[in-house]
Amino acid sequence: MINVIGLGYIGLPTALMLSSHGVEVIGTDYNKELVDTLRAGKTTFKEKGLEELFNQAVRQGIRFTTQYQKTDTYIVSVPTPYDKFSKKVDPGYVIKAVRTVLEHCTDGATVIIESTISPGTIDKSVRPVIAESGKAVNLVHAPERIIPGNMVYELLHNNRTIGADDRAVGERVKALYSSFCQGEIVVTDIRTAEMTKVVENTFRAVNIAFANELARICRHDGMDVYEIIRICNMHPRVNILQPGPGVGGHCISVDPWFLVGDYPSLAKVIDESMKTNDSQPAYVLNRIHEIMKENGLGDTRRVGLYGLTYKENVDDVRESPTLQLLECQERHLAEPLKVYDPLIGKDIVPDQYHDFDAFLEDVDLVVIMVKHDQIRQNWDKLRGKVILDCHNICPLPGTYHI
Ligand code: SAJ
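From a predicted model like this one, the values you see are computed outputs, not experimental measurements.

**Q** What is the right way to read the pairing of strand β12 (residues 365–368) from this model?
**A** Taking every second residue as pointing to the same face, both faces of β12 are buried, with L365 and V367 on one and V366 and I368 on the other. Across four bridges, the pairing between β12 and strand β13 (residues 386–389) is parallel. Bridge assignment links I368 to a residue of β13, and that residue is D389.

**Q** In this structure, what is going on with helix α10 (residues 255–262)? I would like to understand it.
**A** Residue pairs three or four apart in sequence face the same way in an α-helix, which turns once every 3.6 residues. A large share of α10 lies buried, amounting to seven of its eight residues. Listed in full, the buried residues belonging to α10 are D255, P256, W257, F258, L259, V260 and G261. Packed against the buried residues of α10 are α8 (190–220) and α11 (268–278).

**Q** What is the right way to look at the domain arrangement of the protein chain in this model?
**A** Often the size quoted for an interface is simply the accessible area lost on bringing the parts together. Looking at the protein chain, the domain boundaries give domain 1 (2–188) and domain 2 (205–401). The centre of domain 1, based on its C-alpha atoms, is set 33 Å off from the matching centre of domain 2. Here domain 1 packs against domain 2, burying approximately 1500 Å² in sum over the two surfaces, 56% of which is carbon and sulfur. Contact with domain 2 buries area across many residues of domain 1, yet Y9, Y82 and K87 alone supply 35% of it, more than any other trio. Taken together, the links from domain 1 to domain 2 amount to zero salt bridges.

**Q** Please clarify how the environment of F180 should be interpreted in this entry.
**A** Structurally, F180 is set in the loop between α7 (167–177) and β8 (185–188). In sequence terms F180 and H220 are 40 residues apart; their C-alpha atoms lie 49 Å from each other. If sequence neighbours within four positions are ignored, F180 has contacts with M17, L18, H21, L155, L156 and R160.

**Q** What is the right way to read the nonpolar core from this model?
**A** Note on soluble globular proteins: their nonpolar side chains tend to be buried together. Ranked by size, the top nonpolar core spans 40 residues in total, and within it L16, L18, F64, I112, I162 and Y177 carry the most contacts. Within the residue set of this core, elements represented by two or more residues are β1 (2–5), α1 (11–20), α2 (32–39), α3 (50–59), α6 (151–157), β7 (160–164), α7 and β8. Top element by residues in this core is α1. It accounts for five residues. When sequence neighbours within four positions are dropped, the list of residues in contact with I112 reads T73, Y74, I75, V76, V140, A142, V173, L176 and Y177. In this structure, L326, C328, I344 and C390 belong to the second largest nonpolar core, which totals 34 residues.

**Q** Can you help me understand the pairing of strand β9 (residues 303–306) in this one?
**A** The side chains of a regular strand alternate between both faces of the sheet. Alternating positions in β9 separate into two faces, V303 and L305 on one and G304 and Y306 on the other, with burial throughout. Of the strand pairs in this sheet, β9 and β12 are connected by four bridges, and their pairing is parallel. Residue pairing across strands places L305 opposite V367, the latter belonging to β12.

**Q** Would you take a moment to explain the environment of I146 for this structure?
**A** With respect to the helices and strands, the residue I146 is situated in the loop between β6 (138–141) and α6. Given the relative accessible area of 9%, I146 is considered buried. Along the backbone, I146 and I10 are 136 residues apart, and their C-alpha atoms lie at a distance of 8.0 Å. Ignoring anything within four residues of it in the chain, the contact list for I146 reads I10, M151, E154, L155 and N158.

Criteria and cut-off values
Residues numbered from 1 in each chain as written. Predicted model: local features only at pLDDT ≥ 70, side-chain atom pairs only at ≥ 80, totals over all residues. Heavy atoms only, no water. Buried < 20%, exposed > 50% of the residue type's maximum accessible area, 1.4 Å probe, protein only. Helix = DSSP H or I, 4+ residues; strand = E, 2+ residues; numbered from the N terminus. Pairing = 2+ DSSP bridges. Contact = heavy atoms within 4.5 Å. Domains from an automatic or database assignment. Buried area = accessible area lost by both parts, 1.4 Å probe. Salt bridge = Lys/Arg side-chain N within 4 Å of Asp/Glu carboxyl O. Core = buried A, V, L, I, M, F, W, Y, C linked by side-chain atoms within 4.5 Å.

Printed below as a string of structure tokens:
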């Protein structure tokens, strides 16, 4: 039996996937409300294909509880927040989960850590906890790689990395993941597995920063950044990502900082890239100001931000560019801008709308912060508005870009 610890964005789909492929799974989370919701037969966040997977896993007998189980295999997928000032990862939840696992597990159990951690965390923070307990366990790091918005597909198809001290243990864990994973599974050591995960996200962050920098250069001299990137990407060895209003989510906007935090004098390109991405919401705010002036719009209360999530078609707002932009605005003692997001039912920010038509009624300038499918299906409603499109998706004439 596998005990999955932490039933969030990674733990839940992983537990469901194992269970629906015939593995006996018990999911544990310390949040009783979350466990109650799952027990009542409801998923806790929206994701393509998650509900079907959930129903399949329930039919296979998956159980949810707040209690750690006595077993020989654990998957730890708890959050690893980072400290905004020191830029260092906080392994507190991982340490606590491992400590509790050690109180329950059988001798010789395998503890698989899926949470993203900064390279070296296992040596520095996890091994001492194991040594202290006196228990002999096999430690494995199998960092998750799935992208919100396409998690179920990617769980099935992505290649994976398994880091283990002992090759035979790594191969056993590989066999476990092979129960559902159709991608290639590489077995390596723990340190390498830790580093690859952070490097993958850093690569993407640096590439996005490059695109954002190009957007600023092109804006400065009246060039079309999208056309330039499109043509450059026709070169067989060039693949530039897209500029945008900033970088959000709990991965690409966070993980590269681990390297900057741990190697401040070495991680120069990464540091600059992160600063570029982090200053992108302020850059958009500046564009809003320019466009208002150009159109004689004097009232910031008539400016609306479309989208609150960190990217399209997910309901996750963590570190979202819209939240970053609002924070930046607040620091300038300005009144909050109006916000609408079709995927966010709860009130999260001060001037938030839940009806698209009412939102449009109350604004003259619409800033497309997130390219949800919903706005792509409603261009007609935006006719007559001044539009700042941060993603180059709007076909209406006269649309502004970043
Ligand atoms: N973004 C851009 N321009 C682009 C692509 C993305 O500005 O061309 C922005 C998005 O709008 C978003 C942010 O970057 O705000 C991050 O979005 P994303 O779709 O690039 O990635 P995440 O954070 O949802 O998921 C990433 C993935 N990592 C990589 O692709 C290397 C995923 O595979 C990881 O599992 C995930 O991080 C994680 O949990 O680490």
